[in-house]
Amino acid sequence: MKIKSFLAKPFASYIHKQIKKGMETAVQDQQAVFNNLIKAAAKTEFGKEHGFADIKTYEDFIKQVPIRDYEAFKVYIERIKEGKHNVLWKGQPIYLAKTSGTTSGVKYIPITKDSIPNHINTARNALLCYMAETGNTKFADGKLIFLSGSPELERVGGIPTGRLSGIVNHHVPKYLRSNQLPSYPTNCIEEWEEKLDKIVEETINQNMTLISGIPPWMQMYFDRLIEKSGKKISELFPDFNVMVQGGVNFEPYKAKLYESIGKKIDCIELFPASEGFFAFQDSQHAEGLLLNTNSGIFFEFVPAAEIFNEQPTRLSLKDVKMGENYALIINNNAGLWGYNIGDTVKFVSTNPYRLIVSGRTKHFISAFGEHVIGEEVEAALLKAAEEEKIQVTEFTVAPMIAQDAGKSYHEWFIEFENTPDDISRFADKINENLRNKNVYYDDLIAGNILQQLKISPVKKNGFIDYMKSIGKLGGQNKLPRLSNDRKIADELKRYIQN
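Please read all numbers here as calculations on a predicted model, not as lab measurements. (Residues numbered from 1 in each chain as written. Predicted model: local features only at pLDDT ≥ 70, side-chain atom pairs only at ≥ 80, totals over all residues. Heavy atoms only, no water.)

Draft legend 1. Inspection of a negative patch on the surface at higher detail. A cluster of like negative charges, contributed by Asp-421, Asp-422, Asp-428 and Glu-432, occupies part of the molecular surface. Topologically, Asp-422 is positioned in the loop between strand E19 (409-416) and helix H15 (423-437). (Patch = residues over 30% accessible without salt bridge, like charges linked within 9 Å, V, L, I, M, F, W, Y side chains within 5 Å. Areas by Shrake-Rupley, 256 points an atom, 1.4 Å probe, with all protein chains shown as cover. Salt bridge = Lys/Arg side-chain N within 4 Å of Asp/Glu carboxyl O. Lys, Arg positive; Asp, Glu negative; His and termini not counted. Charge placed at Lys NZ, Arg CZ, Asp CG, Glu CD. Helix = DSSP H or I, 4+ residues; strand = E, 2+ residues; numbered from the N terminus.)

Written out as structure tokens, the structure reads:
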């Protein structure tokens, strides 16, 4: 056993015990985090404007602080970008995380001296929990890679600014630096395909033991390695035994990733965002991700159907129920208050508090009142794919609204790894699965208001070409599973299989 894996064992055991203790005190820890946040921010501009000095309870907080998304929060961010101090949190942020979605503009999310440990330590804790539970520490002696954005930072209002993954790259512990790939110059390449080729060149002959990234971009990396070597990933990297992933639901990508690897290996799922590191997989044997209840974030949960109401129900952790779909709202020591991050979650356990990410608040289809969410379309497609032994590379769904009654439908754009022999039968199966998942969709089909869904097969690498065409290829960029309009769908028409 080498020195790094040897030293990791006692540290992993210690951290794992601390996290186990935290499972028992999650509600109390959330209350303590809430109290500390309110006290620390009382003298900030935001704290003064919202009467933090008078807030004694969560109920007081709800009355004083409305739920906001980024656009409503932007006025405060602009003050920070102008160089002002004590706006949302004491002092100035030490970084601004620059992020952009496929359907929105650039956002600047503050990261403070107090909030940076949340981003760094949570990723570490996920690996240490895995080590403690499985006893596998040998990957710490091999080469590790995280497929991430450039670590090069610009300055905005005097504050270092860049992609979250690039910022975090500056905080990789020294003892892991010698293990980390790709090289710094390669990581700084902005053009994704050029960067990917360079990563393949630098890693193809290395002893890769851990590979981490967003599933679709890991798949691109694997595809390039296989193309260049003619070997499965497990043949190229015999000691590769841990895959770390997050950012999107893993299930639609899992089958193809494991086939590319050539065997099933352990996987650790994370739930990070520029706004905070919210949850992580603490066990290989339990469903869901453990909520990060003692890491500078106070969580609120709004029933997803109410998120766009003027005064939605707001719940703290102690009042959540299993199986309910909640919009996730955060308050943290970076100065985000009543902040709607845009994700929806469902608890699969409340002892301890473990959840799954069920979708996005803005990524749903309800053009006809069906309110179909990401979790439902993914489950419907996966079930049909398993039955038909079909592998799906990528997909997205949009409404097709016709003027004539009974002519509208959901259009599914799917890139297949192996195309079904009978696309109509495959569509029938997805349609039936979705009807079983969503009662409103079922009613609309039964009432002849909607036709059965239709599949538009996308040509090989069509989604990659589309993402490239809009400047969103690689890094942390993700394709929305669902849209309530046809902006993405109309663009994808150019990439349909002939």
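Draft legend 2. Summary view of the sheet that holds strand E9 (residues 266-273). Across the sheet, which stays open at both edges, the eleven strands sit in the order E6-E3-E7-E8-E9-E10-E11-E15-E14-E13-E12 with mixed pairing between neighbours. Lying at the two open borders of the sheet, with one neighbouring strand each, are strand E6 (180-181) and strand E12 (297-303). Sheet analysis places strand E7 (residues 208-213) next to strand E8 (residues 242-246), joined by four bridges and oriented parallel. What sits directly across from Ile-211, in E8, is Met-243. Taken strand by strand, helix H6 (residues 116-134) contacts E7, E8, E9, strand E10 (276-280) and E12, and its axis lies near 15° from that of E10. (Pairing = 2+ DSSP bridges. Contact = heavy atoms within 4.5 Å. Axes fitted to C-alpha atoms, helices over the stretch in contact; angles between N-to-C directions.)

Draft legend 3. Structural context of the nonpolar core. By size, the foremost hydrophobic cluster in this structure holds 56 residues, and its most contacted members are Phe-301 and Trp-337. Apart from the residues within four sequence positions on either side, Phe-301 is in contact with Leu-291, Thr-313, Arg-314, Leu-315, Ser-316, Leu-317, Val-320, Tyr-326, Ala-327, Leu-328, Val-345 and Phe-347. (Core = buried A, V, L, I, M, F, W, Y, C linked by side-chain atoms within 4.5 Å. Buried < 20%, exposed > 50% of the residue type's maximum accessible area, 1.4 Å probe, protein only.)

Draft legend 4. The arrangement of the pattern of salt bridges in detail. All chains considered together, the criterion is met by 26 salt bridges. Across the salt bridge formed by Lys-256 and Asp-223, the nearest N and O atoms sit 3.9 Å from each other. Placement of Lys-256 in helix H13 (residues 251-261) and of Asp-223 in helix H11 (residues 215-229) is noted, with a sequence separation of 33 residues between them. Of the residues examined, Lys-256 reaches a relative accessible area of 8% and is grouped as buried. Salt-bridge contacts for Lys-346 lead to Glu-375; the nearest nitrogen and oxygen are separated by 2.8 Å. With a gap of 29 residues between them, Lys-346 in strand E14 (residues 339-350) and Glu-375 in helix H14 (residues 374-388) connect regions that are remote in the sequence. Residue class for Glu-375 comes out partly exposed when judged on its relative accessible area of 22%.

Draft legend 5. Main features of helix H5 (residues 70-81). All buried positions along H5 are accounted for by Tyr-70, Phe-73, Tyr-76, Ile-77 and Ile-80. Seen along its axis, H5 keeps its buried residues to an arc of 115°; they face one direction. (Arc of directions from axis to C-beta.)

Draft legend 6. Up close: empty space enclosed by the protein. With the rule as written, the count across this model stands at three cavities of 30 Å³ or more. In this structure, the largest cavity spans a volume of roughly 270 Å³. Of the residues contributing to the lining of the largest cavity, the split by class is nine nonpolar, four polar and seven charged. (1 Å grid on protein atoms, 1.4 Å probe; cavity = no way out; pocket = protein on both sides within 12 Å on 5 of 7 lines; lining within 4 Å. Points joined across faces, edges and corners; volume = space filled by probe spheres on them. Nonpolar A, V, L, I, M, F, W, Y, C, P; charged D, E, K, R; others polar.)

Draft legend 7. Structural detail: the packing of H15 against helix H16 (residues 439-446). Where H15 contacts H16, the two axes come as close as 5 Å, and the packing angle between them is 120°. By the angle between their directions, the pair H15 and H16 is classed as oblique. Along the contact surface, H15 presents Asn-431, Leu-434, Arg-435 and Lys-437, while H16 presents Val-439, Tyr-441, Asp-442, Ile-445 and Ala-446. Here the residues of the contact of H15 with H16 sort into five nonpolar, one polar and three charged. (Parallel < 35°, antiparallel > 145°, perpendicular 65-115°, else oblique.)

Draft legend 8. Inspection of the layout of surface pockets at higher detail. Its boundaries defined by the atoms lining it, the second largest pocket holds a volume of some 1,000 Å³. Asn-249, Glu-287, Ile-356, Val-357 and Glu-375 are, among the 41 residues lining the second largest pocket, the residues nearest its centre. At the level of secondary structure, the elements contributing two or more residues to the lining of the second largest pocket comprise H13, E9, strand E15 (353-360), H14 and H16. By residue number, the principal contributor to the lining of the second largest pocket is H14, which donates seven residues. Residue classes in the lining of the second largest pocket are distributed as 17 nonpolar, ten polar and 14 charged.

Draft legend 9. Representation of unusual backbone geometry. Put simply, Leu-181 and Pro-182 share a cis peptide bond, and its omega is 0°. Inspection of the secondary structure puts Pro-182 in the loop between E6 and helix H9 (184-187). The residue after Asn-351, namely Pro-352, is reached through a cis peptide bond having omega 5°. The topology assignment puts Pro-352 in the loop between E14 and E15. You will see that Asn-86, though not glycine, has its phi angle at about 55°, which is positive. Mapped onto the elements, Asn-86 comes out in the loop between H5 and strand E1 (95-100). A positive phi is found at Asn-461, a non-glycine position, where the angle reads about 65°. One can find Asn-461 in the loop between strand E20 (454-457) and helix H17 (462-469).

Draft legend 10. Spatial organisation of H16. For H16, the full list of buried residues reads Tyr-441, Leu-444 and Ile-445. Along the long axis of H16, the arc covered by the buried residues comes to 100°, so they all point the same way. Looking at H16, the residues exposed on the side facing more than 90 degrees away from the buried face are Val-439, Tyr-440 and Ala-446. Buried residues along H16 sit against strand E17 (372-373), E19 and H15. In the segment just after H16, Asn-448 is the residue with positive phi, at about 60°.

Draft legend 11. Here's a closer look at the packing of H14 against H15. Relative to each other, H14 and H15 sit at 135°, their axes nearing to 8 Å. With respect to each other, H14 and H15 are oriented oblique. Here the hand of the crossing between H14 and H15 comes out right-handed. Facing H14, whose interface residues are Glu-376, Val-377, Ala-379, Ala-380, Leu-381, Lys-383, Ala-384, Ala-385, Glu-387 and Glu-388, H15 presents Arg-425, Phe-426, Lys-429, Ile-430, Asn-433, Leu-434 and Lys-437. Per-class residue counts for the contact of H14 with H15 are nine nonpolar, one polar and seven charged. (Left-handed = near helix turned anticlockwise from the far one by under 90°.)

Draft legend 12. Local environment of the environment of Glu-190. Within the element layout of this structure, Glu-190 appears in the loop between H9 and helix H10 (192-203). On the accessibility criterion, Glu-190 (64% relative accessible area) is exposed.

Draft legend 13. Representation of the sheet that holds E20. Spatially, the three strands line up as an open sheet ordered E18-E19-E20, and their pairing is mixed. Of all the strands in the sheet, just strand E18 (392-400) and E20 have a single pairing partner and so form its edges. Within the sheet, the average angular offset between the axes of one strand and its neighbour, ignoring direction, is 25°. In this structure, E19 lies alongside E20, joined through four bridges in parallel fashion. Looking across to E20, one finds that Phe-413 is bridged to Ser-456. Contacts from H14 reach E18 and E19, with the element oriented near 125° to E18.

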